[in-house]
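So you can see what is in the structure, the chains are spelled out below.
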Amino acid sequence: MIRNEKEGNHPKMADRQLAKGMLSFAKPYWKLILFSILLTGFIVTASLAQPFILKIAIDSHINGLYNPMISTQQSKAHIVKELLKKDDISFKEIAILDHNVYFRLNPSDSPFQPISGTQKVAIVPIKNSYYLVHGWNKGFNQSKDYKVNSRNNEIKIIGHSYPITLLHSKEVNVFRTNDYQGLIYLGILYLLLIIGSALCTYFQNNSLQFTGQYVIYDFRKALFRHFSRLQMSFYRQNPIGRLVTRVTHDVESLNQLYSQVIVNLVKEVLILVGILILMLYMSVKLTLICFLVIPVIGIVTFYFKKVLRTTQRNLRTLLSRLLSFLAENLSGMSVIQLFAREEKQLQMFNELNERHYRAGMRQTIINSIFNPSIGLFGNISLSLLVWYGGGSVLDGGITFGTVYAFTHYVRQFFEPLRGLADRFNQIQAALASAERIFETLETKPTILNPVHGKTLPDKVHGNIVFHNVWFAYEKDDWVLKDIHFTIKKGETVGIVGATGAGKSSIIQLVNRFYDNQKGIITLDGINIKDVHLNDLRKHIGIIQQDPFVFSGSVYENIRLNHRHVSNEDIIKAAKSVNIDSFFRMLPEGYETMLGEEGTVLSAGQKQLLAFLRAMIADNDVLILDEATANIDTETEIAVQDTLKEMSKNRTTIIIAHRLSTIQHADKIIVLDKGRIVEMGNHQQLVRNQSAYYQLCVNQNKGTRVKEKV
Ligand SMILES: Nc1ncnc2c1ncn2[C@@H]1O[C@H](COP(=O)(O)OP(=O)(O)OP(=O)(O)O)[C@@H](O)[C@H]1O
């Protein structure tokens, strides 16, 4: 049966609450995260610097334009010398201080008057030439200080009260032709950036992956710890497949968030901001033109973000349903085959599978529209750049290097935008998973330890009293009604009744798998709700009809957490019940590995194993719930003898359909539809000729029931 999944309908957790929860898991690893962020800073700087270095190289080497950004004092001096050579002006000495060039003139040779022995000169790149400007002592900027007539290349000096003289107007490609050293510096810088960036990326990736692994390890641990504190009703409401999805799929999706998304998001945002600043620095107009498409992208992204989140959530819910269905069907495959339900189940599986497939397709389609549309906007932006930037280069408004750098930056800008779209996907998926994980983690355990609990002594007497106990699994659907009985220290009590009468439910209450809604249950006079759960449960040993076998050897499965018990003790116990030979028959005897990847025990062997567990645990109260149902008659006789031995001086509760197994009990409680209808020993009850007698008659197929056992 497909359970009614309520997952998709749960109220959405506030994003802030989610973020807080996720941060709390990342907090222990803040140093690692900070380290990654610092490395990210370097990686971003390096990736932003690379096109800029190329721009400088192009402008300096291809166009031969002087660029103050890379002008070393040496190259400046070099330009000056080249210029002076061309104009045949001789200066005795050139000194470069700060960004200014100072000449110590030879007054007799020079047409200029020295100013206190030094002449201050500016080197100004105009069009494709360098100019020495004399008489300058402040900034010298295009449009404020001079204008270039692009038709005849004439340069006009404007708006200066002090004399400015242009010394030189010849085309000189000084830098390009001669400054190989500058080029080498640029090359080395570029190489260092690339190597540095690669190293940082390596360390950043590792530290991020480590963070992700640490965090998901903690998440899994927290989930498992929480699962082990949750009451049985939680497991009734949540199919195992769904819970497995939490610990596997959902946690993995969070791993991506911590190891890739967050820091990459920081990186991408930094790159976007950095590019924007650099582009604005180089040309405001060109930047604005390139980014004409940004508002459209904003609207598209907002819309897709909304749709994607819903789709992601839907996809997760359906996957979880699919897994639950799968888990349920795989564990019940024998029943499916036995009742020839293969086709029906397949049809149900197909339905779910198809819904999951459709949701997956929807997500793929959304992504396949979103990603290329961001790419398209990037290309539109590049076209605008070529159109306007190209024209400006021809006009001389901006350099070719600038346009070249812009093409890099525009691409680089749209790359993270596309990445941002993927980040959105991952964030949506992670948020949907986080919602589920935190919802699970926030499920409050209802079977709680008392705040100020009472401690039971190491050994309890085992007096158990049910004081008018009422219990329902579902609200007001009473399974046990006004149950009242006393089991005295060392007594053996049998509980009988028709199927569904409530026998097992009584046991579930004794060890607090469930809590009764009304009445009180006491152990040695102490309300069991006042005792710490571990303290209570360590006194109660239960042998179930289908005991659980852990992965591990037979020894480990019997010993469980009674570490002090030796292998010899276990063998001795097994021999005493005459079941030693059963375990010796296993492929490697007591060393045989059991569980998922080991040997599979038969139902009877499992019960024998559970018997040994109980013997080793030596609890003060022993409960058997159909504990011998799967054991053959011969072995059962041996086990019954041991049971008699074990129940001496130990409170024992036995639930058995086979009434012969409880005939020796000190007291037999007969249940019918959740109520006690009879209580007494075998003889008394047979004499009563009522409910118990009727059960015995039914079981003996109408033959007379003997009082004597
Ligand atoms: N986990 C559960 N959630 C909801 N209802 C339950 C649960 N376990 C049992 N019940 C219901 O409680 C009633 C009593 O069940 P219980 O298992 O105690 O009966 P029982 O006498 O032990 O039956 P049987 O002899 O078949 O083992 C039944 O109607 C059953 O459907």
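For clarity, every value in this text was computed on a predicted model and none was experimentally measured.

**Considering the overall build of the chain**
- Counting its regular elements, the chain contains 21 helices and 19 strands.
- When the 709 residues of the chain are sorted by exposure, 32% land in the buried category.
- Summarising the internal contacts of the chain: among those between residues at least 6 apart in sequence, 74% fall at separations of at least 24.

**Things to note about the nonpolar core**
- Of all hydrophobic cores here, the largest spans 66 residues; its most connected members are Ile495, Phe611, Leu612, Ile623 and Ile668.
- Ignoring any residue separated from it by four or fewer positions in sequence, one finds Ile495 in contact with Lys503, Ile506, Ile653, Ile655, Ile669 and Leu671.
- Ranked by size, the runner-up nonpolar core spans 43 residues in total, among them Ile275, Cys290, Phe370 and Ala429.

**Examining unusual backbone geometry**
- A positive phi angle is found at Asp524, which is not glycine, with a value near 50°.
- Relative to the elements of secondary structure, Asp524 occurs in the loop between β11 (518-523) and β12 (526-527).
- One non-glycine residue, Asn649, lies in the positive phi region at around 60°.
- Here Asn649 is to be found in the loop between α19 (633-647) and β17 (651-655).

**Section: the sheet that holds strand β10 (residues 492-497)**
- Sheet architecture is open: 6 strands sit in the order β13-β16-β17-β10-β18-β19, paired in mixed fashion. Looking at the sheet topology across the chains shown, the edges are occupied by β13 (540-543) and β19 (675-680). Ignoring which end each strand starts from, the neighbouring axes of this sheet average 20° apart.
- When β13 meets strand β16 (residues 621-625), the two strands line up parallel, connected through 4 bridges.

**A few points about the site of the ligand**
- Lining the immediate surroundings of the ligand are Arg236, Tyr473, Val479, Gly497, Thr499, Gly500, Ala501, Gly502, Lys503, Ser504 and Ser505.
- Residues that form the shell around the ligand fall into these classes: 3 nonpolar, 6 polar and 2 charged.

**Considerations on the sheet that holds β11**
- The strand order β9-β8-β11-β12 describes an open sheet built from 4 strands, whose pairing is antiparallel. Every interior strand has two partners, whereas the edge strands, β9 (478-487) and β12, have only one.
- Two strands pair when backbone bridges link them, and strand β8 (residues 464-472) and β11 are joined in this way by 5 bridges, in the antiparallel orientation. Looking at the pairing, Trp470 lines up with Lys518 of β11.

**With respect to the packing of helix α7 (residues 240-282) against helix α9 (residues 294-331)**
- The interhelical angle for the contact between α7 and α9, taken along N-to-C directions, is 125°, at an axis separation of 7 Å. As judged from the angle between their axes, α7 and α9 are oblique. In terms of crossing hand, the pair formed by α7 and α9 is right-handed. Between α7 and α9, the residues in contact are Ile240, Gly241, Arg242, Val244, Thr245 and His249 and Leu319, Ser320, Leu323, Ser324, Phe325, Leu326, Ala327 and Glu328, respectively.
- Residues that form the contact of α7 with α9 fall into these classes: 7 nonpolar, 5 polar and 2 charged.

**Thoughts on the pairing of β17**
- Here β17 lies mainly inside the structure; 5 of its 5 residues are buried.
- Here β17 shows a buried face lined by Thr651, Ile653 and Ile655 and a second buried face lined by Thr652 and Ile654.
- Direction of pairing for β10 relative to β17: parallel, over a ladder of 4 bridges. In the strand pairing of β17, Val493 is matched with Ile653.

**Regarding the packing of helix α16 (residues 567-576) against helix α18 (residues 603-617)**
- Contact geometry for α16 and α18: axes closest at 10 Å, N-to-C directions at 120°. Handedness of the α16/α18 crossing: right-handed. Where α16 abuts α18, its residues Ile570, Ala573 and Ala574 lie against Leu612, Met615 and Ile616.
- Of the residues assigned to the contact of α16 with α18, the class counts are 6 nonpolar, no polar and no charged.

**Description of the environment of Lys648**
- Tracing the backbone shows Lys648 in the loop between α19 and β17.
- The spatial distance from the C-alpha of Lys648 to the C-alpha of Thr492 is 8.5 Å, given a sequence separation of 156 residues.

**Focus: the pairing of β8**
- Examined bridge by bridge, β8 and β9 share 6 bridges and lie antiparallel to one another. Bridged to Ala472 within β9 is Trp478.

**A word on helix α21 (residues 691-699)**
- Those residues of α21 that sit buried are Tyr692, Leu695 and Cys696. The buried residues of α21 occupy an angular sector of 95° when projected down its axis, which confines them to one face. For α21, exposure combined with an orientation more than 90 degrees from the buried face picks out Gln694 and Asn698.
- Structurally, α21 contributes buried residues whose contacts are with β10, β18 (667-672), β19 and α20 (682-688).

**Description of α16**
- Residues of α16 that are buried: Ile570, Ala573 and Ala574. Relative to the axis of α16, the buried residues are bounded by an arc of 100° and lie together on one face. For α16, exposure combined with an orientation more than 90 degrees from the buried face picks out Glu568, Lys572 and Lys575.
- At the exit of α16 stands Asn578, carrying a positive phi of roughly 60°.

**Comments concerning the confidence of the model for the chain**
- Looking at the chain as a whole, the pLDDT averages 79, with 78% of positions reaching at least 70.
- Here helix α4 (residues 174-178) is the element of the chain with the lowest mean pLDDT, 44, and β8 is the one with the highest, 94.
- Of the regions scoring below 50 in pLDDT, residues 62-74 engages in 31 contacts with residues more than four places distant in sequence or in other chains.
- Low confidence marks residues 109-117, where pLDDT is under 50. Its contacts with residues over four positions away, or in another chain, come to 11 contacts.
- Interface scoring of the predicted complex returns ipTM 0.95; its pTM is 0.63.

Criteria and cut-off values
Residues numbered from 1 in each chain as written. Predicted model: local features only at pLDDT ≥ 70, side-chain atom pairs only at ≥ 80, totals over all residues. Helix = DSSP H or I, 4+ residues; strand = E, 2+ residues; numbered from the N terminus. Buried ≥ 20, exposed ≤ 12 C-beta atoms within 10 Å, placed from the backbone. Contact = placed C-beta atoms within 7 Å. Core = buried A, V, L, I, M, F, W, Y, C linked by C-beta atoms within 7 Å. Pairing = 2+ DSSP bridges. Axes fitted to C-alpha atoms, helices over the stretch in contact; angles between N-to-C directions. Near = placed C-beta within 6 Å. Nonpolar A, V, L, I, M, F, W, Y, C, P; charged D, E, K, R; others polar. Parallel < 35°, antiparallel > 145°, perpendicular 65-115°, else oblique. Left-handed = near helix turned anticlockwise from the far one by under 90°. Arc of directions from axis to C-beta. pLDDT = per-residue confidence, 0-100.

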